[in-house]
Amino acid sequence: EMGLLKSLQAGLGISEDEVTRIVEVVEDGLSLSEALGEPIERLFSEVMVLASVADGALEAPEADAIVEALAGDPVFAHVNASDARRMVRDALVHLKEEGLPSRLTVLARGLSTHKQRFKAFKLAVRVVDASGHEPSKKTTKMLDLLQATFGLADDEVAKAHAEA
């Protein structure tokens, strides 16, 4: 049996780390889509990037907020600097090549629990609020799109702003 599984693993090009992750997810009773989809850290970083570039310009305080989250938020604890740079760069490339509607769909599918969606929205708000001034209309529209995509109530949005 083990030989067959190893042959299947090699044939599909699945790494040992991916096998371990799949086994852990199944043993924990979680959704297999979480193991097979984009890593949650990548999705969280993409939400921050979307919020930061919504108005067409990435301001230094917004960039600092993204770096602080990537360096200090426990969800990114095992992400090294090189991976963090790649996640941010990939988020920009995905947005440019696939467009916002496609990326919002990916985020909605990948961030499948309410807790994940609220966390992602809080990260976006933290980035937006870092600029120190009222968000532009485009940035406000992006936050509204994220709220609608994630199915968050107005009181949850207010709570995210209060906690940011």
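Going by the structure above, here's the rest.
## Brief notes about helix H7 (residues 100–110)
At step 1: Those residues of H7 that fall on the buried side of the exposure criterion are Arg103, Leu104 and Leu107. In a view along the axis of H7, the buried residues occupy a sector of 100 degrees, so they form one face of it. Opposite the packed face of H7, turned more than 90 degrees from it, sit the exposed residues Pro101 and Arg109.
At step 2: The secondary structure elements touched by the buried residues of H7 are helix H4 (40–53), helix H6 (81–98) and helix H9 (137–150).

## Some words on the packing of H4 against helix H8 (residues 114–129)
At step 1: Close contact between H4 and H8 brings their axes to 8 Å; oriented N to C, the two are set at 35 degrees. Note on packing geometry: the crossing formed by H4 with H8 is right-handed. Counted together, Ile40, Phe44, Val47, Met48, Ala51 and Ser52 of H4 and Gln116, Lys119, Ala120, Leu123, Ala124, Val127 and Val128 of H8 form the full contact between these two elements.

## Regarding the pattern of salt bridges
At step 1: Tallied over the entire structure, the rule returns nine salt bridges.
At step 2: A salt bridge links Asp83 to Arg86; the nearest nitrogen and oxygen atoms lie 2.3 Å apart. Taken as a pair, Asp83 and Arg86 lie in helix H6 at a separation of three residues, close to a single helical turn.
At step 3: Among the residues examined, Asp83 registers a relative accessible area of 25% and is labelled partly exposed.
At step 4: One salt bridge in this structure joins Glu98 and Arg103, with 2.8 Å as the shortest N-O distance.
At step 5: A residue is classified by how much of its surface remains accessible, and Glu98, at 37% relative accessible area, is partly exposed.
At step 6: In this structure Arg103 comes out as buried when scored by relative accessible area, which is 2%.
At step 7: Taken together, the shared-partner salt bridges connect Glu46, Glu98 and Arg103 into one network.

Rules behind the numbers
- Within any chain, residue numbers begin from 1 and follow the written order of that chain's sequence.
- Confidence filtering applies because this is a predicted model: local features only for residues at pLDDT of at least 70, side-chain atom pairs given and counted only at 80 or more, and all residues used for totals across whole chains, interfaces and linings.
- With hydrogens and water stripped out, all remaining heavy atoms of the structure feed into the side-chain values.
- Buried residues are those whose accessible area, probed at 1.4 Å on protein chains only, stays under 20% of the maximum for their type, while exposed residues exceed 50% and partly exposed ones sit between those limits.
- Think of it this way: any DSSP run of H or I at least four residues long counts as a helix, any run of E at least two long counts as a strand, and we number them from the N terminus.
- Read the arc as the range of directions from the helix axis to the C-beta atoms.
- Contact criterion: two residues are considered in contact whenever any of their non-hydrogen atoms come within 4.5 Å of each other.
- An axis is simply a line fitted to the C-alpha atoms; with a helix, the fit covers only the stretch in contact. Between two such axes, the angle follows the N-to-C directions and lies from 0 to 180 degrees.
- Handedness of each helix crossing follows the sense of rotation of the near helix against the far helix: counterclockwise by less than a right angle gives left-handed, clockwise gives right-handed.
- Whenever Lys or Arg places a side-chain nitrogen within 4 Å of a carboxyl oxygen from Asp or Glu, that contact is recorded as a salt bridge.

By themselves, these are just geometric observations and shouldn't be taken as functional.
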